[in-house]
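In case you want the letters, here they are:
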Amino acid sequence: MLLPAALYMIPTHGIFHGESLCLVKRLFGVECWGCGMTRAVFSAMYLRFADAWEYNRLVVIVLPLLAAAWGHRVWRLVSQLRSKG
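In what follows, the accompanying structure is described.

Basis of the calculations
Residues numbered from 1 in each chain as written. Predicted model: local features only at pLDDT ≥ 70, side-chain atom pairs only at ≥ 80, totals over all residues. Heavy atoms only, no water. Axes fitted to C-alpha atoms, helices over the stretch in contact; angles between N-to-C directions. Helix = DSSP H or I, 4+ residues; strand = E, 2+ residues; numbered from the N terminus. Parallel < 35°, antiparallel > 145°, perpendicular 65-115°, else oblique. Left-handed = near helix turned anticlockwise from the far one by under 90°. Contact = heavy atoms within 4.5 Å. Buried < 20%, exposed > 50% of the residue type's maximum accessible area, 1.4 Å probe, protein only. Lys, Arg positive; Asp, Glu negative; His and termini not counted. Salt bridge = Lys/Arg side-chain N within 4 Å of Asp/Glu carboxyl O.

Another aspect to go through is the packing of helix 4 (residues 37–45) against helix 6 (residues 59–84). Relative to each other, helix 4 and helix 6 sit at 65°, their axes nearing to 10 Å. The angle between the axes of helix 4 and helix 6 places the two elements in the roughly perpendicular class. The handedness of the crossing between helix 4 and helix 6 is right-handed. Contacts between helix 4 and helix 6 involve Met-37, Ala-40, Val-41 and Ala-44 on the former and, on the latter, Val-59, Val-62, Leu-63 and Leu-66.

In structure tokens form, the structure reads like this:
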């Protein structure tokens, strides 16, 4: 449940200005479709949507899916806690 808060507390300097973690980019020197997604998600978390769009335009699909998956997990956890209590 605390994943968004934990991600928000990660120092962003290494994410935005560090070396790419993408294996395709490191091995072949070209960006894959996922390149920039981490930076895009972090930009969106900090409400910099224009930057997120520039890093990777697929963020408009991935971010809502991540939010839905997190929300579903929280809902299941709350439901389990209610049924036990």
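Read on for the rest.
Another point: the side chain of Arg-39. Relative to the helices and strands, Arg-39 is located in helix 4. Here Arg-39 is buried and forms no salt bridge, its nearest opposite-charge partner Glu-31 lying at an N-O distance of 5.2 Å. What Arg-39 contacts, discounting residues up to four positions off in sequence, is Ile-15, Phe-16 and Tyr-55.

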